[in-house]
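Here are the chains, one letter per residue:
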Amino acid sequence: MRLVFLVGFLLAATPAGAQDTPELGAEDLELAKTLFENGRTLYREARYREAIIAWEEVYRLTKKPAILYNLGNAHEHLGEFEAAIDAFNRYRAFAEPGERDELERKINNLDRMAREKREEPAPAPVPATVKPAPEQRAPRERTGSARTVVGVGLVGVGVAAIGTGVVFGMNSRQAGKQALLQCVDVDGQPLCPDTAEADLARNRSSALLADVSTGLGIAGAAVGVVFLATGKGSTVEVGPRTIRFSSRF
(Lines give C-alpha, C1' and ligand atoms only; values in the text may rest on other atoms or scores of the structure.)
Protein backbone atom coordinates (compact mmCIF):
# COMPACT_ATOMS: atom_id res chain seq x y z
CA MET A 1 0.00 0.00 0.00
CA ARG A 2 1.38 3.39 -0.91
CA LEU A 3 0.57 6.75 0.65
CA VAL A 4 2.28 9.95 -0.42
CA PHE A 5 3.38 12.04 2.57
CA LEU A 6 2.68 15.75 3.02
CA VAL A 7 6.10 17.13 2.15
CA GLY A 8 6.37 14.75 -0.78
CA PHE A 9 3.22 15.86 -2.52
CA LEU A 10 2.82 19.53 -1.61
CA LEU A 11 6.32 20.90 -1.56
CA ALA A 12 8.22 18.71 -4.03
CA ALA A 13 8.81 19.98 -7.54
CA THR A 14 6.25 18.98 -10.17
CA PRO A 15 7.41 15.86 -12.12
CA ALA A 16 8.46 16.31 -15.71
CA GLY A 17 5.47 16.08 -18.00
CA ALA A 18 2.92 16.71 -15.25
CA GLN A 19 0.14 19.21 -15.75
CA ASP A 20 0.72 22.75 -14.52
CA THR A 21 -0.18 23.17 -10.87
CA PRO A 22 -1.93 26.34 -9.71
CA GLU A 23 -0.02 28.90 -7.69
CA LEU A 24 -1.48 28.57 -4.21
CA GLY A 25 -1.80 31.44 -1.81
CA ALA A 26 -0.83 30.94 1.81
CA GLU A 27 -4.45 30.33 2.86
CA ASP A 28 -5.12 27.74 0.14
CA LEU A 29 -1.80 26.00 0.81
CA GLU A 30 -2.63 25.72 4.51
CA LEU A 31 -6.09 24.37 3.63
CA ALA A 32 -4.58 21.80 1.27
CA LYS A 33 -2.16 20.64 3.97
CA THR A 34 -4.93 20.27 6.53
CA LEU A 35 -7.20 18.40 4.12
CA PHE A 36 -4.39 16.08 3.09
CA GLU A 37 -3.56 15.24 6.70
CA ASN A 38 -7.24 14.70 7.48
CA GLY A 39 -7.56 12.38 4.46
CA ARG A 40 -4.49 10.42 5.52
CA THR A 41 -5.88 9.96 9.05
CA LEU A 42 -9.29 8.89 7.71
CA TYR A 43 -7.65 6.43 5.31
CA ARG A 44 -5.72 4.80 8.16
CA GLU A 45 -8.99 4.52 10.11
CA ALA A 46 -10.56 2.71 7.09
CA ARG A 47 -12.97 5.65 6.56
CA TYR A 48 -12.27 5.60 2.84
CA ARG A 49 -15.34 7.54 1.63
CA GLU A 50 -14.46 10.51 3.83
CA ALA A 51 -10.80 10.29 2.81
CA ILE A 52 -11.86 10.50 -0.86
CA ILE A 53 -13.85 13.68 -0.17
CA ALA A 54 -10.81 15.32 1.48
CA TRP A 55 -8.32 14.26 -1.22
CA GLU A 56 -10.59 15.26 -4.12
CA GLU A 57 -10.57 18.81 -2.73
CA VAL A 58 -6.77 18.66 -2.32
CA TYR A 59 -6.42 17.60 -5.96
CA ARG A 60 -8.75 20.41 -7.06
CA LEU A 61 -6.54 22.92 -5.24
CA THR A 62 -3.09 21.56 -6.12
CA LYS A 63 -3.49 19.34 -9.23
CA LYS A 64 -0.70 17.15 -7.80
CA PRO A 65 -0.77 13.80 -9.69
CA ALA A 66 0.30 11.84 -6.60
CA ILE A 67 -3.15 12.49 -5.08
CA LEU A 68 -4.66 10.42 -7.90
CA TYR A 69 -2.77 7.37 -6.61
CA ASN A 70 -4.24 7.89 -3.13
CA LEU A 71 -7.73 8.23 -4.61
CA GLY A 72 -7.25 5.00 -6.57
CA ASN A 73 -6.29 3.11 -3.40
CA ALA A 74 -9.32 4.45 -1.50
CA HIS A 75 -11.75 3.53 -4.31
CA GLU A 76 -10.19 0.06 -4.50
CA HIS A 77 -10.83 -0.51 -0.78
CA LEU A 78 -14.48 0.43 -1.31
CA GLY A 79 -14.83 -2.09 -4.17
CA GLU A 80 -15.32 0.77 -6.67
CA PHE A 81 -13.02 -0.82 -9.23
CA GLU A 82 -14.02 1.36 -12.21
CA ALA A 83 -13.30 4.57 -10.27
CA ALA A 84 -9.99 3.10 -9.03
CA ILE A 85 -8.95 2.18 -12.60
CA ASP A 86 -9.77 5.71 -13.79
CA ALA A 87 -7.64 7.29 -11.02
CA PHE A 88 -4.67 4.95 -11.65
CA ASN A 89 -4.85 5.52 -15.42
CA ARG A 90 -4.75 9.29 -14.91
CA TYR A 91 -1.80 8.91 -12.53
CA ARG A 92 0.06 6.59 -14.94
CA ALA A 93 0.74 9.47 -17.36
CA PHE A 94 2.88 11.13 -14.67
CA ALA A 95 4.39 8.02 -13.02
CA GLU A 96 8.11 7.36 -12.93
CA PRO A 97 9.30 4.69 -15.40
CA GLY A 98 9.96 2.25 -12.57
CA GLU A 99 6.34 2.50 -11.38
CA ARG A 100 4.61 1.81 -14.69
CA ASP A 101 4.97 -1.99 -14.69
CA GLU A 102 3.49 -2.21 -11.21
CA LEU A 103 0.68 0.16 -12.22
CA GLU A 104 -0.04 -1.93 -15.32
CA ARG A 105 -0.39 -5.09 -13.21
CA LYS A 106 -2.57 -3.29 -10.67
CA ILE A 107 -4.89 -1.90 -13.36
CA ASN A 108 -5.17 -5.29 -15.10
CA ASN A 109 -6.07 -6.96 -11.79
CA LEU A 110 -8.69 -4.30 -11.04
CA ASP A 111 -10.13 -4.68 -14.54
CA ARG A 112 -10.51 -8.43 -13.94
CA MET A 113 -12.28 -7.84 -10.62
CA ALA A 114 -14.55 -5.24 -12.23
CA ARG A 115 -15.60 -7.73 -14.94
CA GLU A 116 -16.27 -10.44 -12.33
CA LYS A 117 -18.36 -8.01 -10.32
CA ARG A 118 -20.44 -7.10 -13.39
CA GLU A 119 -20.97 -10.78 -14.23
CA GLU A 120 -22.14 -11.80 -10.75
CA PRO A 121 -25.67 -13.26 -10.95
CA ALA A 122 -28.38 -11.20 -9.35
CA PRO A 123 -29.65 -12.67 -6.06
CA ALA A 124 -32.73 -14.83 -6.44
CA PRO A 125 -35.91 -13.11 -5.27
CA VAL A 126 -37.23 -14.27 -1.93
CA PRO A 127 -40.59 -15.97 -2.46
CA ALA A 128 -43.47 -14.18 -0.84
CA THR A 129 -45.18 -16.03 1.97
CA VAL A 130 -48.88 -15.83 2.60
CA LYS A 131 -49.61 -15.01 6.18
CA PRO A 132 -52.83 -16.23 7.75
CA ALA A 133 -55.41 -13.64 8.51
CA PRO A 134 -54.97 -12.37 12.08
CA GLU A 135 -57.53 -13.35 14.64
CA GLN A 136 -60.24 -10.76 14.91
CA ARG A 137 -60.13 -9.08 18.24
CA ALA A 138 -62.13 -6.32 19.70
CA PRO A 139 -60.26 -2.99 19.45
CA ARG A 140 -58.59 -2.03 22.71
CA GLU A 141 -59.47 1.35 24.06
CA ARG A 142 -56.50 3.71 24.13
CA THR A 143 -56.50 6.34 26.81
CA GLY A 144 -53.36 8.09 25.55
CA SER A 145 -53.49 11.09 23.24
CA ALA A 146 -51.49 12.25 20.24
CA ARG A 147 -49.77 14.78 22.50
CA THR A 148 -48.54 11.97 24.74
CA VAL A 149 -47.10 10.05 21.76
CA VAL A 150 -45.38 13.17 20.43
CA GLY A 151 -44.05 13.99 23.90
CA VAL A 152 -42.52 10.54 24.36
CA GLY A 153 -40.87 10.81 20.94
CA LEU A 154 -39.43 14.25 21.65
CA VAL A 155 -38.03 13.17 25.01
CA GLY A 156 -36.38 10.13 23.40
CA VAL A 157 -34.86 12.21 20.61
CA GLY A 158 -33.69 14.81 23.14
CA VAL A 159 -31.97 12.21 25.32
CA ALA A 160 -30.27 10.72 22.24
CA ALA A 161 -29.05 14.18 21.14
CA ILE A 162 -27.66 14.87 24.62
CA GLY A 163 -25.81 11.53 24.46
CA THR A 164 -24.39 12.49 21.07
CA GLY A 165 -23.24 15.81 22.53
CA VAL A 166 -21.44 13.96 25.32
CA VAL A 167 -19.62 11.79 22.74
CA PHE A 168 -18.57 14.84 20.73
CA GLY A 169 -17.42 16.53 23.94
CA MET A 170 -15.22 13.55 24.77
CA ASN A 171 -13.77 13.61 21.23
CA SER A 172 -13.06 17.33 21.58
CA ARG A 173 -11.20 16.87 24.86
CA GLN A 174 -9.20 13.95 23.46
CA ALA A 175 -8.18 15.95 20.39
CA GLY A 176 -7.20 18.89 22.58
CA LYS A 177 -5.02 16.66 24.74
CA GLN A 178 -3.32 15.18 21.66
CA ALA A 179 -2.61 18.66 20.32
CA LEU A 180 -1.21 19.91 23.64
CA LEU A 181 1.12 16.92 23.87
CA GLN A 182 2.82 18.22 20.73
CA CYS A 183 3.19 21.79 22.04
CA VAL A 184 5.92 23.26 24.20
CA ASP A 185 5.77 26.23 26.58
CA VAL A 186 7.84 29.23 25.50
CA ASP A 187 7.75 32.21 27.84
CA GLY A 188 4.29 31.24 29.04
CA GLN A 189 2.90 30.81 25.53
CA PRO A 190 2.21 27.39 23.89
CA LEU A 191 4.21 26.81 20.71
CA CYS A 192 2.63 24.11 18.53
CA PRO A 193 3.98 22.46 15.33
CA ASP A 194 1.97 22.28 12.09
CA THR A 195 1.20 18.62 12.80
CA ALA A 196 -0.98 19.70 15.76
CA GLU A 197 -3.28 21.74 13.49
CA ALA A 198 -5.41 18.72 12.54
CA ASP A 199 -6.00 17.85 16.22
CA LEU A 200 -6.77 21.49 17.04
CA ALA A 201 -9.26 21.66 14.15
CA ARG A 202 -10.91 18.44 15.33
CA ASN A 203 -11.01 19.86 18.88
CA ARG A 204 -12.83 22.99 17.70
CA SER A 205 -15.31 21.19 15.41
CA SER A 206 -16.12 18.50 17.99
CA ALA A 207 -16.66 21.15 20.68
CA LEU A 208 -19.07 23.03 18.41
CA LEU A 209 -20.99 19.85 17.57
CA ALA A 210 -21.12 18.94 21.27
CA ASP A 211 -22.64 22.34 22.15
CA VAL A 212 -25.18 22.16 19.32
CA SER A 213 -26.22 18.55 20.05
CA THR A 214 -26.54 19.15 23.78
CA GLY A 215 -28.52 22.37 23.30
CA LEU A 216 -30.92 20.76 20.81
CA GLY A 217 -31.27 17.70 23.05
CA ILE A 218 -32.18 19.77 26.11
CA ALA A 219 -34.65 21.84 24.10
CA GLY A 220 -36.25 18.75 22.53
CA ALA A 221 -36.55 16.94 25.85
CA ALA A 222 -38.06 20.04 27.50
CA VAL A 223 -40.70 20.38 24.77
CA GLY A 224 -41.44 16.68 25.08
CA VAL A 225 -42.00 17.00 28.83
CA VAL A 226 -44.43 19.87 28.19
CA PHE A 227 -46.35 17.72 25.71
CA LEU A 228 -46.48 14.84 28.18
CA ALA A 229 -47.50 17.06 31.07
CA THR A 230 -50.45 18.48 29.12
CA GLY A 231 -51.53 15.19 27.52
CA LYS A 232 -54.66 13.31 28.48
CA GLY A 233 -54.23 11.19 31.58
CA SER A 234 -50.89 12.80 32.53
CA THR A 235 -49.99 14.29 35.89
CA VAL A 236 -46.98 16.17 37.21
CA GLU A 237 -46.11 16.24 40.93
CA VAL A 238 -43.62 18.90 42.06
CA GLY A 239 -41.85 18.40 45.42
CA PRO A 240 -39.06 20.26 47.22
CA ARG A 241 -36.33 18.26 45.47
CA THR A 242 -38.11 16.18 42.81
CA ILE A 243 -40.41 16.48 39.85
CA ARG A 244 -42.42 13.29 39.23
CA PHE A 245 -44.24 12.67 35.97
CA SER A 246 -46.83 9.98 35.30
CA SER A 247 -48.94 9.20 32.26
CA ARG A 248 -51.44 6.54 31.21
CA PHE A 249 -51.25 5.02 27.67
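Residues numbered from 1 in each chain as written. Predicted model: local features only at pLDDT ≥ 70, side-chain atom pairs only at ≥ 80, totals over all residues. Heavy atoms only, no water.

Colleague: Is there a simple way to explain the overall build of the protein chain in this structure?
Modeller: Each helix and strand in the protein chain was counted, giving eight helices and four strands. Ordered by position from N to C terminus, the α and β elements of the protein chain give α-α-α-α-α-α-α-β-β-α-β-β. Counted over contacts in the protein chain with a minimum sequence separation of 6, partners at least 24 positions apart contribute 62%. As displayed, the protein chain has an accessible area near 16700 Å², and 59% of this comes from carbon and sulfur atoms. (Helix = DSSP H or I, 4+ residues; strand = E, 2+ residues; numbered from the N terminus. Contact = heavy atoms within 4.5 Å. Areas by Shrake-Rupley, 256 points an atom, 1.4 Å probe, with all protein chains shown as cover.)

Colleague: Is there a simple way to think about the environment of Glu-80 in this case?
Modeller: Inspection of the secondary structure assignment puts Glu-80 in the loop between α4 (66-77) and α5 (81-92). Distance in space between the C-alpha atoms of Glu-80 and Leu-110 is 9.4 Å, their sequence separation being 30 residues. When neighbours within four sequence positions are excluded, Glu-80 is seen to be in contact with Arg-49 and His-75.

Colleague: When you look at the packing of aromatic side chains in this model, what are you seeing that I'm missing?
Modeller: Two aromatic rings are characterised by how far apart their centres lie and by the angle between their planes. With the rule as written, the count across this model stands at five aromatic pairs. On the basis of an interplanar angle of 40° and a centroid distance of 5.7 Å, the ring pair of Tyr-43 and Trp-55 is categorised as tilted. Within this pair, whereas Tyr-43 is found in helix α2 (residues 26-44), its partner Trp-55 is found in helix α3 (residues 48-62), the two being separated by 12 residues in sequence. Each of the two residues, Tyr-43 as well as Trp-55, counts as buried. For the ring pair Tyr-69 and Phe-88, a centre distance of 5.2 Å and an interplane angle of 65° mean the geometry is edge-to-face. Residue Tyr-69 is located in helix α4, and its partner Phe-88 is located in helix α5; the two are separated by 19 residues in the primary sequence. Owing to a relative accessible area of 5%, Tyr-69 belongs among the buried residues under this scheme. Through a chain of ring-to-ring contacts, three or more aromatic side chains come together here, namely Phe-36, Tyr-43, Tyr-48 and Trp-55. Seen from the ring of Tyr-59, Lys-63 lies directly overhead, with NZ or CZ sitting 5.8 Å from the centre. (Phe/Tyr/Trp six-rings, centres within 6.5 Å; stacked < 30°, edge-to-face > 60°. Buried < 20%, exposed > 50% of the residue type's maximum accessible area, 1.4 Å probe, protein only. Lys NZ or Arg CZ within 6 Å of the ring centre and 35° of its normal.)

Colleague: Just to check I follow, could you spell out the environment of Thr-62 for this structure?
Modeller: With respect to the secondary-structure elements, Thr-62 resides in helix α3. Each C-alpha atom, one on Thr-62 and one on Asp-28, is 9.0 Å from the other, the two residues being 34 residues apart in sequence.

Colleague: Got a minute to help me understand the environment of Gly-165 in this structure?
Modeller: Structurally, Gly-165 can be placed in helix α7 (residues 146-181). By relative accessible area, Gly-165 is classed as buried at 4%. In the structure, Gly-165 is positioned 49 residues away from Thr-214 in sequence and 4.9 Å away in space, judged by C-alpha atoms. Apart from residues no more than four positions distant in its own chain, Gly-165 is found in contact with Ala-210, Ser-213 and Thr-214.

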